[in-house]
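Analysis of the macromolecular model
Here is how the chains run, residue by residue.
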4 protein chains.
Amino acid sequence: MQVGLIGLGKMGYNLALNLMDHGHQVVANDVNKDQVQNIAEAGAQPAYSLDELVNQLEQPRTVWVMVPAGDITDQVIDQLKSVLDEGDRVIDGGNSNYKDSLRHTESLKEKGIYFFDVGTSGGTDGARHGGNYMIGGDQEQFKQIEPLFKDTAVENGYLYTGKNGSGHFLKMVHNGIEYGMMQAIAEGFEILEKSPFDYDYEAVAKVWNNGSVIRSWLIELMENAFSKDSSLESIRGVMNSSGEGKWTVESAIEFEMAAPVIAMSLMMRYRSQEDDTFSGKVVAALRNEFGGHEVVKK
Amino acid sequence: MQVGLIGLGKMGYNLALNLMDHGHQVVANDVNKDQVQNIAEAGAQPAYSLDELVNQLEQPRTVWVMVPAGDITDQVIDQLKSVLDEGDRVIDGGNSNYKDSLRHTESLKEKGIYFFDVGTSGGTDGARHGGNYMIGGDQEQFKQIEPLFKDTAVENGYLYTGKNGSGHFLKMVHNGIEYGMMQAIAEGFEILEKSPFDYDYEAVAKVWNNGSVIRSWLIELMENAFSKDSSLESIRGVMNSSGEGKWTVESAIEFEMAAPVIAMSLMMRYRSQEDDTFSGKVVAALRNEFGGHEVVKK
Amino acid sequence: MQVGLIGLGKMGYNLALNLMDHGHQVVANDVNKDQVQNIAEAGAQPAYSLDELVNQLEQPRTVWVMVPAGDITDQVIDQLKSVLDEGDRVIDGGNSNYKDSLRHTESLKEKGIYFFDVGTSGGTDGARHGGNYMIGGDQEQFKQIEPLFKDTAVENGYLYTGKNGSGHFLKMVHNGIEYGMMQAIAEGFEILEKSPFDYDYEAVAKVWNNGSVIRSWLIELMENAFSKDSSLESIRGVMNSSGEGKWTVESAIEFEMAAPVIAMSLMMRYRSQEDDTFSGKVVAALRNEFGGHEVVKK
Amino acid sequence: MQVGLIGLGKMGYNLALNLMDHGHQVVANDVNKDQVQNIAEAGAQPAYSLDELVNQLEQPRTVWVMVPAGDITDQVIDQLKSVLDEGDRVIDGGNSNYKDSLRHTESLKEKGIYFFDVGTSGGTDGARHGGNYMIGGDQEQFKQIEPLFKDTAVENGYLYTGKNGSGHFLKMVHNGIEYGMMQAIAEGFEILEKSPFDYDYEAVAKVWNNGSVIRSWLIELMENAFSKDSSLESIRGVMNSSGEGKWTVESAIEFEMAAPVIAMSLMMRYRSQEDDTFSGKVVAALRNEFGGHEVVKK
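The rules behind these values
- Residues numbered from 1 in each chain as written.
- Chains lettered and ligands numbered in written order.
- Predicted model: local features only at pLDDT ≥ 70, side-chain atom pairs only at ≥ 80, totals over all residues.
- Heavy atoms only, no water.
- Least-squares fit on C-alpha atoms with pLDDT ≥ 70 in both.
- Contact = heavy atoms within 4.5 Å.
- Helix = DSSP H or I, 4+ residues; strand = E, 2+ residues; numbered from the N terminus.
- Buried < 20%, exposed > 50% of the residue type's maximum accessible area, 1.4 Å probe, protein only.
- Polar contact = N/O pair within 3.5 Å; in protein donor to acceptor, adjacent residues only side chain to side chain.
- Pairing = 2+ DSSP bridges.
- Axes fitted to C-alpha atoms, helices over the stretch in contact; angles between N-to-C directions.
- Parallel < 35°, antiparallel > 145°, perpendicular 65-115°, else oblique.
- Left-handed = near helix turned anticlockwise from the far one by under 90°.
- Nonpolar A, V, L, I, M, F, W, Y, C, P; charged D, E, K, R; others polar.
- Buried area = accessible area lost by both parts, 1.4 Å probe.
- Domains from an automatic or database assignment.
- Salt bridge = Lys/Arg side-chain N within 4 Å of Asp/Glu carboxyl O.

**Thoughts on the relation of the copies chain D and chain C**
Expressed as a screw transformation, the operator carrying chain D onto chain C has a rotation angle of 180° and an axial translation of 0.0 Å, and the superposed copies differ by an RMSD of 0.0 Å. Accordingly, the operation relating the two chain copies is best matched by a two-fold axis. For chain D, the residue whose C-alpha comes nearest the rotation axis is D:Ser216, separated from it by 1.9 Å. Interface residue correspondence from chain D to chain C reaches 99%, placing this contact among same-surface, isologous pairings.

As structure tokens, then:
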């Protein structure tokens, strides 16, 4: 089927190729004209503006947005609202906060435009060769656009998750789990590193991937990583984060439930971004006050 | 090759079958005579005592112990020490604490007996159809008995990990990671359950298993679990534990490192085993004292 | 000086008495007419409506609001905005979220009304005999009303904290610290309770209060609590919470910093409010799937 | 009464002065001869060896040991066992692990020597002017030596806690609570530091100490600390630790209970001692593998 695609970054560009591989007709737009040109050479119809994009699509139009979450997604959706018509559909395939998606749903509904909040996992390789989708939105409308997801996902790699918001919420929780799993794996390797034994981490990851309880794609990735740098000597342990882990913890707190593992995995990321902490200074100062314990001077 | 096997419980019995499938000759012993009889009918040589077992094995003998960790393993290894001869080998395939294994190594070395601490993962199904081994011990001797592991593991599912202790230590850390991964997954599903959305958990586990970043055997198992009880209504959330998670946290503390996610996953298990807590009472009493906040009476 | 007081609950009623003890003239209002009558008998000028209250105060008026945080505070402040005049002052002495206080500041500024966000600590006894105030707002205006705080606080028990929001923010953090301190004390007593020793908890609290590093008002309160119920047998360990602990953790996450102790103290409160957890069920189900470990049936 | 004192470090020297202030006769020993000389000039009877110490004391002798916990305490107590007689008493006033104290109890009992495990709090100032003692040991014997504790403690600052081990165990838990309280305070100040407000931390500590719920000696100490260095600019946030926090967490794990706040306060200390972590590298490497996220190169 015909689909407009906005955003030709790492994810969007690969998705365009994936869609075309499966016979879909892609009308592609990006703020970067070169990327539009590139994808046009690969078979897409170029659109150098939203107007061009809209004009090339037959009604009801389907526009898949693959741009950074937050302000940029907000702007693109606002602009789409002004140029699309009743019955058209907007897919947000980015990592938007589900509360933003609920807002986008309401806003587009004012003009009769359907919104789908689609959590996308699998990374850039997934976008190209078989991704993973969690899709919230109107169920009847979903059936109309289901081929887009079915064709570009791995087998069984997409799910209609219910009303709007449920797609991005599920992706958020997926990433929260990911944070916890990653930190668990990371702590395990650090215990190995501090142990009196001398492990070959790549071999450890490999054996854990063949028949053990924790076999997983993340452990596969660690095998890859250790194959390139056997003790990760070239990098620093700074753990950055985008928003989903934070939102997951915020949701847990909002629902007044305990999620200590996901919370700690988030907080250890924040801790890793600091060279020194004020809390550490306070404890050091207190120990000095009551026990005369030495402090480390700057 | 010929191997003695002590312990015909869920793991040992399946391992015996697995060994025989691959042409190994198994001399099998268990305190339960019926289990010995059963495995004899499946093709093993029965041994109703350790003496019988030892007498049926050619030197240098190899004896694989698959009994519960702790006291029972201690006793079996002590008994083996008295009946085995120099050059024989003892494999501990149970979930022993690596510090016990270091002790067993020293004890058996006094008689010139080789010890292997073999962490075994993959569950009962793995024992039967392809397990996962992490093997610490003498490297030259390991080569002599490698076929036992190679033949009964999944492909690439065994690893010689170095000197004694390193096999059980690695298995311990594997299980510590498992604790953290499980708690992360569990918290994620609880957030879904408390959300304003209405998810089909089995479908969620399925889609996460097809192309997402967190795809893993544990998520596969959740798909199975939810297929039998869609919202786990029949069970209580009591999380028991055997020793490895605890030992992993003890090791982290011994090494003076932060392992917050594994520590919290352990502590939430302990918390789940209590109906009420004294710490909760203390906080409730304090709130009542300073703010007149209501307490919940028994 | 003359001051209007809205809210004659546990805190407000005691504050009225405290203010009058120090020679201030209190015009008191509450939705509960009986409480207005009671405080009138104690010497206050009754005001059965906001109009009555406003009419009895000379300009520039000072109105101290002591009502529950959230919607009720919002409503009262909205109503005050409509009846007060330029140059008047509103004090919010409740436990409002500082973001609400920033909003109230802006709203009242539209009419030239000054707002003070005053975090109040010390409990009901403090309100009566010497409280504790953290005061955000205009510094020049603060000097005009400083006697109200100075006279009703314990010595050195009030602080001008800077621009609007800083008073309620500081009180929020104070309570976050309180959560962490309380949970630390609570965990300590639970370790004592689970130990092989047989402690007299009241005596323990008493000795800790006389010369030890952790001597504190909270430990004094525990001495009181144990003097009434030596092992807290009559109560359940359900730890409720109002908003400040939650907001503190939300702030830490917003500032992208690690606050694991305050976060865990909050989450253990939430955990204590549940009889069973979905996360616990997920872990139990997983253990059953891979290891055949028994689950606890309902 | 007459008492032998071994160990004239910061704590022991002050204790000797304190004992003498209250009319006790101190026979003092230390490996450092100069310290023995110094205390002799202050009025103590010098003892340059354990034999000298023992010979100067009338039977039944009481020997108070104030030396570093662990190996040194072990050695001193072993030596005392060989020179003391039946009916004599040994007080260990150091921060020994209660399991060591149980061992010392059994060892000394072989010769009929009574052992007291005495947890001491209050710091060096407490040792000089009024300390805090938690005392485990034989109750009848305790009564014989009670004046030593009563006279050198602050009022109500000593407690007989029951059988041997209970004194050092209680001190251990006291310190565990201390860890949690310190980390809670520290996180609170870090939130203030990261806030949009501009607080005077010394003034904050002061106001919190006058009438607020968290008033405590620790907050007093923070007031002192901030009075010397208003934003702790001169020090690094490295939080060292001696053993009690670690032992408290080990005990919690041994008792299979959740103590998340004390555990996290310990782990954040360990984290503060590292410039970089292997766990951080693992997470950074994973993020790079699946999402192409930038790593920070060394």
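Resuming the write-up.
**Focus: the environment of D:Asp88**
Residues and elements named next belong to chain D. With respect to the helices, strands and loops of the structure, Asp88 is situated in the loop between helix H4 (71-83) and strand E5 (89-92). Judged by its relative accessible area of 0%, Asp88 is buried. The sequence separation of Asp88 and Tyr114 amounts to 26 residues, and the corresponding C-alpha distance is 6.3 Å. In this structure Asp88 touches Gln59, Pro60, Arg61, Gly112, Ile113 and Tyr114, once residues within four positions along its chain are discounted. Here the side chain of Asp88 touches Arg61 through a polar contact of 2.6 Å, side chain to side chain.

**Topic: the sheet that holds strand E3 (residues 45-47) of chain A**
Residues and elements named next belong to chain A. Reading across from one edge, E3-E2-E1-E4-E5-E6-E7-E8 is the order of the 8 strands in this open sheet, with mixed pairing throughout. Both outer strands of the open sheet, E3 and strand E8 (153-162), are each paired with one neighbouring strand and no more. Taking each pair of neighbouring strands and ignoring which way they run, the sheet shows an average axis angle of 25°. As judged from the 3 bridges shared by strand E1 (residues 2-6) and strand E4 (residues 62-65), these two strands associate in the parallel manner. Paired with Leu5 across the strands is Trp64, a residue of E4. Each of strand E5 (89-92), strand E6 (114-121), strand E7 (131-136) and E8 touches helix H8 (residues 166-194); the most contacted strand, E6, lies at about 15° to it.

**A short note on the sheet that holds strand E8 (residues 153-162) of chain D**
Residues and elements named next belong to chain D. With mixed pairing, the 8 strands of this open sheet are ordered in space as E3-E2-E1-E4-E5-E6-E7-E8. Among the strands making up the open sheet, the edge pair consists of strand E3 (45-46) and E8. Of the strand pairs in this sheet, strand E7 (residues 131-136) and E8 are connected by 5 bridges, and their pairing is parallel. Each residue of the ladder has a partner; that of Tyr133, found in E8, is Tyr158. Strands E5, strand E6 (114-121), E7 and E8 of the sheet are contacted by helix H8 (residues 166-194), whose axis makes an angle of about 15° with E6.

**With respect to the relation of the copies chain A and chain B**
When chain A is brought onto chain B, the operation consists of a screw motion whose angular component is 180° and whose axial shift is 0.0 Å, with 0.0 Å RMSD remaining. Most of the interface of chain A is mirrored in chain B, where 100% of its interface residues again form contacts.

**Some points on the side chain of D:Gln2**
Residues and elements named next belong to chain D. Within the secondary structure, Gln2 sits in strand E1 (residues 2-6). At 2.9 Å, the side chain of Gln2 forms a polar contact with the backbone oxygen of Gln56. At a separation of 2.9 Å, a polar atom in the side chain of Gln2 contacts the main-chain amide nitrogen of Glu58. Gln2 has contacts with Gln25, Gln56, Leu57, Glu58 and Thr62, leaving out every residue within four places of it along the chain.

**What to know about the packing of helix H11 (residues 244-254) of chain A against helix H12 (residues 260-272) of chain A**
Geometry of a packed helix pair, given as the angle between the helix axes and the separation of the axes. Residue and element names in this part refer to chain A. With their axes 9 Å apart at the nearest point, H11 and H12 run at an angle of 135° to one another. In terms of their interaxial angle, H11 and H12 are classed as oblique. Classified by chirality, the crossing of H12 by H11 is left-handed. Of the residues in H12, those touching H11 at Gly245, Lys246, Thr248 and Val249 are Ile262, Ala263, Leu266 and Tyr270. Among the residues forming the contact of H11 with H12, the class breakdown is 5 nonpolar, 2 polar and 1 charged.

**Some details on the interface of chain A and chain B**
Counting from both sides, the interface comprises 67 residues of chain A and, opposite them, 67 residues of chain B. At the boundary of chain A with chain B, total buried surface from both sides reaches about 5800 Å², with 77% on carbon and sulfur atoms. For the chain A face of the interface with chain B, the top three residues by lost area are A:Ile191, A:Phe197 and A:Val213, together amounting to 12%. Summed over the shared surface of chain A and chain B, the number is 18 residue pairs in polar contact (both at pLDDT 80 or more). Contributions of two or more residues to the side of chain A that touches chain B are made by E7, E8, H8, helix H9 (201-208), helix H10 (217-228), H11 and H12 of chain A. For the side of chain A that touches chain B, the element with the most residues is H8(A), which contributes 18 residues.

**Let's talk about the domain arrangement of chain A**
Residues and elements named next belong to chain A. Taken domain by domain, chain A comprises domain 1 (2-164) and domain 2 (171-276). Summarising the inter-unit geometry, the C-alpha centres of domain 1 and domain 2 are found 30 Å apart. Tallying the contact residues gives 10 residues for domain 1 and 9 residues for domain 2. Counting the surface domain 1 buries against domain 2, the share from its top three residues, Asn95, Asn97 and Tyr98, is 52%. In this assembly, domain 1 and domain 2 are joined by 1 salt bridge. For the interface between domain 1 and domain 2, the tally reads 5 residue pairs in polar contact (both at pLDDT 80 or more). Only helix H5 (98-109) and E6 provide two or more residues apiece to the side of domain 1 that touches domain 2. Ranked by residue count, the leading element in the side of domain 1 that touches domain 2 is E6, at 3 residues. Residue classes in the side of domain 1 that touches domain 2 are distributed as 2 nonpolar, 7 polar and 1 charged.

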